[in-house]
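# Structural overview
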Protein chains: 2
Amino acid sequence: MKDAMKDAMKDAMKDAMTSPDAPPLQPIGVAVDVILFTILDDTLQVLLVDRLSQPFDGLRAVPGGLVERREELACAARRILRAQTGLDVDWLEQLYTFDAVDRDPRRRVLSVSWYALVAPNALEDEAVPESAWGAAWHPARALPALAFDHARQIEAAMTRLRYKIEYTPAAFHLLDSTFTLSELQRVYEVILAQELDKRNFRRRVQSLDLVEETGQLRREGTRRPARLYRFRDEGFERAGGGVLLRF
Amino acid sequence: MKDAMKDAMKDAMKDAMTSPDAPPLQPIGVAVDVILFTILDDTLQVLLVDRLSQPFDGLRAVPGGLVERREELACAARRILRAQTGLDVDWLEQLYTFDAVDRDPRRRVLSVSWYALVAPNALEDEAVPESAWGAAWHPARALPALAFDHARQIEAAMTRLRYKIEYTPAAFHLLDSTFTLSELQRVYEVILAQELDKRNFRRRVQSLDLVEETGQLRREGTRRPARLYRFRDEGFERAGGGVLLRF
DNA sequence: CCAAAAGTGTTCTCCATACACCCATGC
DNA sequence: GCATGGGTGTATGGAGAACACTTTTGG
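Just so we're clear, the structure is a prediction, and the values are computed from it rather than from any experiment.

Once that is clear, we can look at the overall build of chain A. In terms of helices and strands, chain A carries seven helices and 10 strands. Considering chain A as a whole, with its 247 residues, one finds that 45% of them fall into the buried category. Here the analysis covers contacts within chain A between residues at least 6 apart in sequence; of these, 67% occur between residues at least 24 apart. Accessible area for chain A stands at about 12500 Å²; split by element, carbon and sulfur atoms hold 50% of it.

Structure below.
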């Protein structure tokens, strides 16, 4: 007997053993949607897939799907992301639960929305597969027409992301494990949509002990090589979860 | 025929008309829980009800219950709050969706958690009814044993509230429509769990144009009467949603 | 030697903080 | 007149903002 079948039987038995006063089932579906960000070409980008069936046939959508019966939501989000894009993310956070009664025209489906960050190097390694899903990056500030309430979801995720990078080190998840300070600054500039002063930025980052030198250099093209840094966990712990980088 | 019955029939018909490719039903329940805060006796308090049945029989819980099939989550939260406590809140915000597979021992039930604020005067007007629910206020920092994951939910709500009052005017919902500056300060002190300097506090509030004088005085007991203020929406709009009060 | 990005200090202003005394009232 | 909270101003230090030039490399 296959393990999957055993599991299914265990689930069925567990359901049968449900206590008699279990609350009645409501026919409300539960989905997760994932807004996946990266930075490409100095632009904040969102991953979208093609919808190939009704409703919203032909539009784009963020990766999403129904949650399984005994599956935690974060697991569902990761499973769906991997299935539709081939990507594993190391950072994923719950955004909001979207609940408009008619957000899915077929029937009531809640969407527990998540947002996630990947470094652009993850893209080369695993590559977004040109599968049936047609996963592709789109500039977050120039999106095509989207299915369901996904435009609002992305809007909310961008707002949240702006706040997030100012008081947590989330921005580092948009970079390789080693990076130059200019790259880090560009992440902040792209997300905040404003230019930052190079000297002030570097002073802040370094005085907070958020980074440490690797001793390596990145040499690229015909210009001065840049020092490579890595993120220091302890820097953030010490900061006590307070404001890190407010510009 | 009663309207309720007509509605039920309409719902049934709508379901019947559901498109053939509607996603399959998952047996996942959807509940809302509401963490309702007020300030009483210079203490942050949470409203709890008694559980009178399994699971967690005899423990306290925050007000909560299952969402109806065609009901928006915020409406469900308000409906449940009114049913179990008799209170209407004017401020209610989604907190987080709690999803541990075994958070309800009977079967899989998601909880979309909300938090809400009421001014203490609402309590006198509508009074928390000593109904079967046994709704009562408890100091948020000295809670009894709680059902489900409600202790974690309250923890999360308190953390969120601390942040919230620093960059939005949410704190005003814990006060009457007119209030003294000392009352406002006490709200901040109680939530942040730290004393604030009276002169600095007043300077901040007034320089942000968050309040305006009503011209009224509150005379109370054997001491100097205090000026009454009201909240000014425009103050917050002008502040552009940025940081309001950081102490 | 030229182009392109890396790297580096100082000044000024403003805002957060710290701090102590008089005021108005009811009894 | 006294107890109680209401109400007010100033001085200091530190952090954010503004600002421009030199360095290193490959071609």
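A few words on the protein's contact with DNA strand D. In the region of DNA strand D, 22 residues are neighbours, and Arg224 of chain A together with Lys198, Arg202, Arg223 and Arg227 of chain B sit closest. Atoms of DNA strand D within 4 Å of the protein: sugar and phosphate make up 41%, bases the balance. Interatomic distance of 3.2 Å between a side-chain N/O atom of Arg203 of chain B and a base oxygen of DNA strand D. Elements with a contribution of two residues or more to the surface near DNA strand D: α6 (198-207) of chain A together with α6 (198-207) and β10 (226-231) of chain B.

This part covers the protein's contact with DNA strand C. Near DNA strand C, the surroundings consist of 22 residues, among which Ser182, Lys198, Arg202, Arg223 and Arg227 of chain A are the closest. Counting only the atoms of DNA strand C within 4 Å of the protein, the fraction contributed by sugar and phosphate is 40%. Between DNA strand C and Arg224 of chain A there is a distance of 3.3 Å, counted from a base nitrogen to a side-chain nitrogen or oxygen. Between a base oxygen of DNA strand C and a side-chain N or O atom of Arg224 of chain B, the distance comes to 3.2 Å.

Residue and element names in this part refer to chain A. We note that the domain assignment places domain 1 (29-148) and domain 2 (175-239) within chain A. Once you take the C-alpha centre of each, domain 1 and domain 2 turn out to be 29 Å apart. Between domain 1 and domain 2, the residue contacts involve seven residues of the former and seven residues of the latter. Buried area between domain 1 and domain 2, both sides added, is near 580 Å², and the carbon and sulfur share of it is 63%. Broken down residue by residue, the surface that domain 1 buries against domain 2 is led by Ile39, Asp42 and Arg141, which jointly contribute 61%. At the boundary of domain 1 and domain 2, one finds zero salt bridges. Put simply, domain 1 and domain 2 have three residue pairs in polar contact (both at pLDDT 80 or more) between them.

Residue and element names in this part refer to chain A. Inspection of the secondary structure assignment puts Val32 in strand β1 (residues 29-40). With relative accessibility at 0%, the residue Val32 sits in the buried group. Ignoring anything within four residues of it in the chain, the contact list for Val32 reads Pro63, Gly64, Gly65, Val67, Leu73, Ala76, Ala77, Ile80, Val112 and Trp114.

What counts and what doesn't
- Residues numbered from 1 in each chain as written.
- Chains lettered and ligands numbered in written order.
- Predicted model: local features only at pLDDT ≥ 70, side-chain atom pairs only at ≥ 80, totals over all residues.
- Heavy atoms only, no water.
- Helix = DSSP H or I, 4+ residues; strand = E, 2+ residues; numbered from the N terminus.
- Buried < 20%, exposed > 50% of the residue type's maximum accessible area, 1.4 Å probe, protein only.
- Contact = heavy atoms within 4.5 Å.
- Areas by Shrake-Rupley, 256 points an atom, 1.4 Å probe, with all protein chains shown as cover.
- Near = heavy atom within 4 Å.
- Polar contact = N/O pair within 3.5 Å; in protein donor to acceptor, adjacent residues only side chain to side chain.
- Domains from an automatic or database assignment.
- Buried area = accessible area lost by both parts, 1.4 Å probe.
- Salt bridge = Lys/Arg side-chain N within 4 Å of Asp/Glu carboxyl O.

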